[in-house]
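# Residue-level structural notes
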Amino acid sequence: MPSLLLLNGPNLNLLGTREPEVYGSETLADVVALVEATAAELGYSVESLQSNHEGVLIDAIHAARSTAAGIVINPGGLTHTSVALRDALTGVALPFAEVHVSDVHARESFRHHSYLTDVASVVVVGEGVAGYGRAVRELVAVLPTG
C-alpha cells in the first residue's frame, strides 16, 4: 500500500487547547485520525510525525524520499521563516500539500507570506482540522499513478 507522510510542525501538539478561538477545539489526535481515515479510503497508509524542531521535520522529509508517495504538512510558524524546510521539500521532489488550520491571510501581516506555497502541489488554508481531509484528497488526485 502506498504511503503518505503527515508532518505537523511547532506548537501543533497544542491543538485543542492553544487559542481555541483561532484553532478550534479538535486535537492533533483528531487530525491524525482524520488523515488516516481519508487516506485509507483512497488506498494509502499514513506515517505521522509532529515536532517542535525544524531539523527533525527535515530529517523526516529526507527519509520520506524512499518511503512516501507524497507529504501533507502543516509547518506551523516555520511556514513564514524556513528556507531550509522549503529546500528539503523541493530537494526530495515529492508532491506535497501545505495545510493551515487558521486563515493565515486574515491574521498578522507576517503570516501572509509562506516559503512553501509556490512549490506546493496543494494548499489548504483556513478550513480548520477538516482542511487536512481535503488536502489528502487533493494531494492523492495529483500523485502519479502506478
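Residues numbered from 1 in each chain as written. Predicted model: local features only at pLDDT ≥ 70, side-chain atom pairs only at ≥ 80, totals over all residues. Heavy atoms only, no water.

### Remarks on the sheet that holds strand β5 (residues 122–125)
Pairing is parallel in the open sheet, where 5 strands are placed in the order β2-β1-β3-β4-β5. Looking at which strands have only one partner, the edges of the open sheet turn out to be β2 (45–50) and β5. Going from strand to strand, the sheet's axes swing by 15 degrees on average, the running direction of each strand aside. (Pairing = 2+ DSSP bridges. Helix = DSSP H or I, 4+ residues; strand = E, 2+ residues; numbered from the N terminus. Axes fitted to C-alpha atoms, helices over the stretch in contact; angles between N-to-C directions.)

### What about helix α3 (residues 54–64)?
Those residues of α3 that fall on the buried side of the exposure criterion are L57, I58, A60, I61 and A64. When α3 is viewed along its axis, its buried side chains cluster within an angular range of 160 degrees and face the same direction. (Buried < 20%, exposed > 50% of the residue type's maximum accessible area, 1.4 Å probe, protein only. Arc of directions from axis to C-beta.)

### A few points about the packing of helix α2 (residues 28–41) against helix α5 (residues 130–142)
Running from N to C, α2 and α5 cross one another at 30 degrees; their axes reach a closest spacing of 9 Å. Looking at the two axes, α2 sits roughly parallel to α5. Here α2 runs over α5; the crossing is right-handed. Contacts from V31, L34, V35, T38, A39 and E41 of α2 reach α5 at A130, Y132, G133, V136 and R137. Here the residues of the contact of α2 with α5 are counted per class, giving 7 nonpolar, 2 polar and 2 charged. (Parallel < 35°, antiparallel > 145°, perpendicular 65-115°, else oblique. Left-handed = near helix turned anticlockwise from the far one by under 90°. Contact = heavy atoms within 4.5 Å. Nonpolar A, V, L, I, M, F, W, Y, C, P; charged D, E, K, R; others polar.)

### Observations concerning the nonpolar core
L4, L6, V31, V72 and Y132 are the most contacted members of the largest nonpolar core, which has 24 residues in total. Residue assignment for this core shows that the elements contributing at least two residues are β1 (3–8), α2, β4 (96–100), β5 and α5. The contact partners of V31, leaving out residues within four places of it in the chain, are L6, N8, L15, V129 and Y132. Within the second largest apolar cluster, 19 residues are counted, among which are I61, L78, A88 and V92. (Core = buried A, V, L, I, M, F, W, Y, C linked by side-chain atoms within 4.5 Å.)

### Some words on unusual backbone geometry
The phi torsion at N11 lies on the positive side, around 75 degrees, for a residue other than glycine. Counting through the fold element by element, N11 comes out in the loop between β1 and α1 (20–23). On the accessibility criterion, N11 (36% relative accessible area) is partly exposed. Phi at A93 takes a positive value of approximately 60 degrees, unusual for a residue other than glycine. By secondary structure assignment, the location of A93 is in the loop between α4 (83–92) and β4.

### Digging into the environment of T67
Structurally, T67 can be placed in the loop between α3 and β3 (70–74). Separated by 20 residues in sequence, T67 and E47 place their C-alpha atoms 9.5 Å apart.

### Notes on the pattern of salt bridges
Considering all chains together, one arrives at 4 salt bridges under this definition. For R86, the salt bridge identified is with D118, shortest N-O distance 2.5 Å. Of this pair, R86 sits in helix α4 while D118 sits in the loop between β4 and β5, and the two are 32 residues apart along the sequence. Classification of R86 by relative accessible area gives partly exposed; the value is 23%. With its nearest N and O atoms 2.6 Å apart, the salt bridge here joins R134 to E127. Its relative accessible area of 34% is what places E127 among the partly exposed residues. Shared partners join several salt bridges into a network, and the residues in it are E127, R134 and E138. (Salt bridge = Lys/Arg side-chain N within 4 Å of Asp/Glu carboxyl O.)

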